[in-house]
Every structure is written in structure tokens, then in C-alpha cells.
Amino acid sequence: MQFPESWLREFCNPPLSTEQLAETLTMAGLEVEELKPVAPPFSNIVVGEIKEAVQHPNADRLRVCKVDVGQAEWLDIVCGAPNARVGIKVPCALVGAELPPGADGEPFVIKIGKLRGVESQGMLCSARELKLSDDHGGLLELDSDAPLGQNIRECLNLDDTLFTLKLTPNLAHCLSVYGVAREVAALTGAPLKAPSFPAVKVGSADRLLVKVSAPDLCGRFSGRIVRHLNTRASTPQWMVDRLARCGQRSVTALVDISNYVMFELGRPSHIFDLDKIEGGLEVRWGQPGEQLKLLNGNTVTVDDKVGVIADDRQVESLAGIMGGDATAVSDDTQHVYVEAAFWWPKAIAGRSRRFNFSTDAGHRFERGADPSQTVEHIERISQLIIDICGTANTACGPIDDLQVNMPVAAPVSLRVARAVKVIGMPLTQAQCVDALTRLGLALTQSEGIVTVVPPSYRFDLQIEEDLIEEVARMVGYNNLPHTPPQAPITAKICVEAQRSTFAVRRTIAALGYQETINFSFVEARWEHELSGNPSPIKLLNPIASQMSVMRSSLLGSLLQVLKFNLDRKAQRVRVFELGRVFLRDADVKNTDTTVDGFDQPMRVAGMVCGSADALQWGRQEQGADFFDVKGDVEALLAPCKPTFEPAEHPAMHPGRCARVLHKGMAIGFVGELHPRWRQAYDLATAPVMFELELDAVQRREVPIYKPVAKHQAVERDLAVMVMESVSHDALMAAVWAAPTAGLLRDATLFDIYRPKPAQDPAAGVVSSHEKSMALRLTLNSDDATLTEAQIDTAVQAVLCSLADQLGARQRA
């Protein structure tokens, strides 16, 4: 909500500066989002009147004007504005004046100069040149009663500040200048100038028949007829300026009056063209299929969930939201019907969003507008209509006031002891009473209890905590005591054998991945297809239909991110996420960090698609495959050495998937996307992915000091024939199981060879089910240089272990 400070101070003018007033409002819960001056800095610009305007002798589009600025002599000023004419009053920049800074940030200084041979002693200004608006159609014309020579800042009240408040939904009573002033008076103790609503003289007995058929939609409906108006009258400049400073452009006099009262008092209203209404008006719920062309030009179709105002022929208005085009006032309007009503907030809430627009009226009614002041506000609107659009024949009819379902305020009790506990500071009953009294709340007292009957404009006071909040606001949040924690604060020491999540993120990022952060709410289809989870944890109130369950895997979110980037022609995508998943587990009990029946472990997952390396000259481009991502997993877990075994996962290719093991415990999976899901997601190439338990990734072995070997190491190469099914892990396990008396220091597989099968297996050549695996063994001793006998014994021990466990034989 935006409004000028000067308007606020007409109702309540505390002895505070602009900044202090903004701070007071913010600390009371009315956050001042922005303070903005009405006009930029400029000086020495006064009110001038054009006394003469003749054609420039040397230019067709220039005029030489004589301008009276209240000095002894008139000024000669050359002007090119199309509306420069005799008799108008305009801003005149005198010699030495500084106009608002331009694009370079420097003010523009007015000097005596010659334009086409004619001396100009100043400058006549437009609103755009003063940066008051973007209008550059001509000079800014001032009121005819503006004093000559008066500073233009004083004349137009430009030394003002625009307040922009960011109000929470419970502060509906502050959606007007008077409502904010009421809060300021309560906070500062400054007197509040309450508006008066003298009754307008009734000069006609005309009434319009109104029927309220939906009490659950409209609780009170007030209106009156006003006849013989001049709707072509111009809106006064003071009203135009105030509306503009509230962010509302001027439309017509009648529309401006309705908007003005809404900003002033928080009362949306509507003015119908009386001659366009067929018969009477009926307030009711809409009927399916009914259509209405609105004032904004849109045509909407209503149903029985949307309130309307209809006449005997058609729907004329969306109740509490926007009027219809059929009964809109125009320049030809002579007779009007002024309406002000109380619409139940639940009947208005969300209706305008169904039609993809919002209005100031709907914004106020869905939060709650005061039902007790409809008649008084119609009197205020009627007086403004008479003052601005009235003629000698203008006559107002009596006000019809239908009260069919007025809200009844329920008393709310405040326990002083409860307020002390919630606010966290000592309070007396007198302090609570004082705070609530300053807010204008009617109350009664008993021992330790204050009972309040909320006023009609306070829809937010419903429970005890609402009153406690009001007491805290009046006491001042900045006055709450600073209470240090009672328990001693000790730093949490990181375990050396565990990496932080930040270290894990940095390690993955160093491998070329980019981190993503996704919702924990996912589509149920992902859980069924990618996680094999037939009964995911469902949300009671999902924010969207496609985000209805809690994820049990990070892979679905990463696949969505991958698809999004590939659809936008990304050639190489490497993404990861570190986040929480949600699993059903009956063994989990309620604690400070867990929920009964649900396990919430942290996981880390990554997904790769495209080339293995960024584009470069030193290596031929090659697509990332299973072994590239497997290497990334090994680098992530280093210095721990994981093992891998064939496995199956619902999201992964049945023949290109491995379970990741660490010290015999399964910690995750790595593999290529299943061909079925690759086709379902329309991917040109299959991405490779991994998902690991974060706890396992964070674990690391603490380095232990070992002395550098003093003796020369010995290397021996072995080539053994094994079955095709023997894996690298099985081979290494057999090597390290050999009894080498501690001489084996390292073993590396450096070659795999599959010779062509022989025609006669008895000839001693390998069959099609065998392969050759070549190993390099590194042997050493801490005591002395190894002898040939020790080396041969260790090598034979390795060969025996391979033969016993894998059926291997040394290749000839």
C-alpha cells in the first residue's frame, strides 16, 4: 500500500521525523518497504503566468512569451510547447535555477541564452522536465489561483514523501490512510482527527429496489440515488495528485471519487449509471453459464461459487471485485446509484484469482472491510459528488440500508500470565489494559484477565494470541529484553574421521558437476517408475498436483533437471544434489530430530550426460559412460576404496548397474538409465547416474603415519587364465588373501586379453569362456632387501590363492 506522508499527517501528526515515523510503523508490524520523495531535488522554480505569447521571428515552432513571476518586470522566455498561451500559469525556472539531474547525474543549470537570435531569460517547464511524470505533451498547467512567484515545491506540495507499506493479511484495518493514522495515534499517543460524515440534504424521494438473496455473500447493502449530475466535470487537481501518489491514475470524476474514498477510509464502493439498470438490483450467487463483460474489457463466465449483482435483465457486477461494463458511468451519465456494501471475506477470497486478475476492492473485501460504516461512507461519497459533479438541479435520494447478516463480534479473553509467558517479559495487567485501550478496543477486567470485544473493523482479533500480539506491538518489539541463553554454549567439535557436507560439495564440484536444489515434493509417477516405490508418502495439502508425494530418491529430481537443460540445447550436463529423502520405517520412533514411522536420511546423487570432458584439443571427444561415473564415485569416496558388484535398480539399465559397497556394506548404486525411461523421457543418449548414502560418503579414514621404505621394492608380473565371469574385485580379493608374510605392498591389473578360442581345447589353448588377466605385484620388506627365495615364495603364494579361490592357472 502506498500513500503520501502529508495525507497521513492530516489525520495524525506525531512529533516525529519521516524516518522516525517509518521506524515506528515497521517496529509495530506495519513494515515500511520504501520511502521515496515525491519529486527529485530542484530549486529556484516558481509560479509564472504567461501574459503575452507571440510567434518567434525566426522559428515556426517557437513562441516568445512574456511571463509574470511576481517581479517588477516581466521576463522574456522563448518556449516551444504547443500549449503555451496567454493566461495559463506554469512552472518557470529562473536564471540560476537547477533542474533535476539528467542521465549524467549532474543538475541542469538555467542561464540567459539566445534561441534563434532572441534572448531567453529562463525556462517554462513541463512535468517531465521536473520529473514529476512522463507527460511531455506540453507545459505543466497550474491552478488559476496559484500565487505568482510562489516556489513550485510549495505550490504543488512536492516536499512530501511516499510511504510504501508491506502489510500482512491480518492487517486489513490498515488498508487505508485513516487506518494507518489510527495505528500511529495508538503507537505515539498523538491525537487522532476522526473524520466527520454530515448527512447530505435529501432532495428526492427516489429509491431503487434492492434484494439481497444471499446472506452468506452480503451482510449489509447500502445505496442511494443521485440525480442531475455533470459527469464531464474535471477531477480537482488536489484529488488527482493524491490518487497519483497512491499509485492510482485519474480516470473520470466519479471513478476518482470512489477510489479516493477507498484509499482514505478503506471502503471500496461502486457507482452505477442509474438509467442503464433494468428494474431493481438483486445480490445473489451466480448461475452456471452466466457471462459478464467487466470494466477492464474481459468477459468472464461465472458459476454458483461467485457472487454477483444483477438487475432484471443480466448480471451487472462481480460482487466485491469489479463492476460491469453495461452499467458503467460515462460522459453522458446524468443519474447514478451509489453502492457500498459489506461482503463476507470468505465469499470474496480467491474469486478474482479464478479469472486471473486482482483488484484493490477484492484485496480489501477478502481481508475484511468495516460493516458498520457503509451509510457514513456513502454520505462522504455523496458530498464529494455534489462538490465536484453537482449542478443546480442535483438531488440526492434517501439511503436504503439493508442489514441482513451482520457479523457478531465474539469476546476474546487475555490472561496476563499467558501474555507474560508468550512475550517473554514481565507485564502488569495495567500495561495490557493500556496497550489495548490505546488501540480503541472496548474491554472489561477481572483478576488477571482482560476481555475484549473486537471493534467491527478488526477481523483479525479472534483468539487469545491475537490480543497478545497487539500488546507486544504496543509495548514495542524493540523494548523486549535481550535474554541470553541459560545453558553454556560450547563449540561442536568436528570429528576428524568425518567430512563436512561442504567438503563433499566441493569435491563433487571439483569433478565438474554443478549443484542443484530441488523440491522434496515430487510427482507420484517418479516414485513408481524410478524408485520402485508403490506407496510413497503422500502430502495432505500439496502445493501442486504434480508435487503430491515425498521423494524416496534424488534421481527423479536430477532427471527432470537434466531433461530441462537438454531441451534447451545444453551439450554437456553434469549435475548433482545433496538432499534428504523420505522412507517409511516402522522402527523409527519420535525424537527431537525424527518422526515416528519415517526415516529421513541424507543422500548425494549425480547425473551425467554428454561428453566426458569439456571441449578441448588434447583429447578426442568421447561420451561419458558407466566407467567415467564409476571413477567419479571412487574419487568422491577416496581414500576409502569401494567395491562394486552387479545389481539391479528400477531406474537403471539391468546390465549396466552396480551396487557400491564399502567394507562389505551397500551404500548406493551407480549405473546407466534404464532404456525404458530413456525412451519415456525422449532422451537422445542415456545418462549415467549414481546415488549414495551421505553418511558413507562423509566417513573417511584418518591418515596414519608410515615410514618410507628403506629398501628397494621388487616388481613381478603375472598373467593368469580365469573364467570370463571373474571380476576385478574378486581377483584382487584373492591376491590380497595370499599368505605373503607382509611382503605384498601393491597389486595392479594392467591388462586383459581374450585370445581366439582353439579348435581343439585339448591342445592347451584357452576356450571362449576364459580370459587372461595380467597383474603387477610390488614386494618389499622393512627388515632387509628381499632375496630371490622370498620373492618366489610370495609369488607362489599369490598363484596358489588365485588357483584355490578362482580356479586360475598361470598363463604359459
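Here is what the cut-offs are and how they apply
- Residues numbered from 1 in each chain as written.
- Predicted model: local features only at pLDDT ≥ 70, side-chain atom pairs only at ≥ 80, totals over all residues.
- Heavy atoms only, no water.
- Salt bridge = Lys/Arg side-chain N within 4 Å of Asp/Glu carboxyl O.
- Pairing = 2+ DSSP bridges.
- Helix = DSSP H or I, 4+ residues; strand = E, 2+ residues; numbered from the N terminus.
- Contact = heavy atoms within 4.5 Å.
- Axes fitted to C-alpha atoms, helices over the stretch in contact; angles between N-to-C directions.
- Phe/Tyr/Trp six-rings, centres within 6.5 Å; stacked < 30°, edge-to-face > 60°.
- Buried < 20%, exposed > 50% of the residue type's maximum accessible area, 1.4 Å probe, protein only.
- 1 Å grid on protein atoms, 1.4 Å probe; cavity = no way out; pocket = protein on both sides within 12 Å on 5 of 7 lines; lining within 4 Å.
- Points joined across faces, edges and corners; volume = space filled by probe spheres on them.
- Nonpolar A, V, L, I, M, F, W, Y, C, P; charged D, E, K, R; others polar.
- Arc of directions from axis to C-beta.

J.: Can you explain the pattern of salt bridges? Please cite residues and give values.
T.: By the definition in use, this model includes 44 salt bridges. If you follow the salt bridges from partner to partner, you end up with Glu183, Arg458, Asp460, Glu470 and Arg473 in one network.

J.: Give a detailed account of the sheet that holds strand β35 (residues 652–662), specifying residues and quantitative values.
T.: The seven strands are arranged β27-β30-β33-β37-β36-β35-β34 in an open sheet whose pairing can be described as mixed. In this open sheet, the two edge strands, each paired with only one partner strand, are β27 (514–515) and β34 (643–646). Sheet topology note: the β35/strand β36 (residues 665–673) ladder contains seven bridges and is antiparallel. Opposite Met652, over in β36, you have Leu673 as the bridge partner. Packed onto the sheet, helix α17 (residues 626–637) meets β30 (573–580), β33 (602–609), β34, β35, β36 and β37 (688–693) and runs at close to 25 degrees relative to β37.

J.: Break down the packing of aromatic side chains for me, citing the residues and quoting the values.
T.: Evaluated as defined, the whole model comprises 12 aromatic pairs. When the ring of Phe11 is compared with that of Tyr178, the centres are 5.4 Å apart and the planes differ by 70 degrees; the resulting orientation is edge-to-face. A residue pair is termed long-range when its members are at least 10 positions apart, and Phe11 in helix α1 (residues 5–11) and Tyr178 in helix α4 (residues 177–188) qualify at 167 residues. With respect to burial, Phe11 and Tyr178 carry one shared label: buried. The rings of Trp7, Trp238 and Tyr260 are connected pair by pair, giving a single aromatic cluster.

J.: A description of the layout of surface pockets should follow, citing residues and the corresponding values.
T.: Roughly 1,000 Å³ of internal volume is contained in the largest pocket. Of all the secondary-structure elements, those providing two or more residues to the lining of the largest pocket are α17, β34, β35, α20 (728–736) and β39 (744–753). Among the residues forming the lining of the largest pocket, the class breakdown is 15 nonpolar, five polar and eight charged.

J.: Lay out the sheet that holds strand β1 (residues 2–4) in plain terms, naming residues and giving numbers.
T.: Strand order in this open sheet of three strands is β1-β11-β2, and the pairing throughout is antiparallel. Each of the sheet's edge strands pairs with one partner strand only, and the pair in question is β1 and β2 (31–37). Averaged over all pairs of adjacent strands, the angle between their axes in this sheet comes to 25 degrees, without regard to strand direction.

J.: Pulling in residues and values, what's your account of helix α2 (residues 18–27)?
T.: Of all the positions in α2, only Thr18, Leu21, Ala22 and Leu25 are classed as buried. Buried positions in α2, seen along its axis, are confined to an arc of 100 degrees and lie on one side of it. Elements in contact with the buried residues of α2: α1, β2, β11 (161–166) and α4. Of the residues trailing α2, Gly29 is marked for its positive phi of about 100 degrees.

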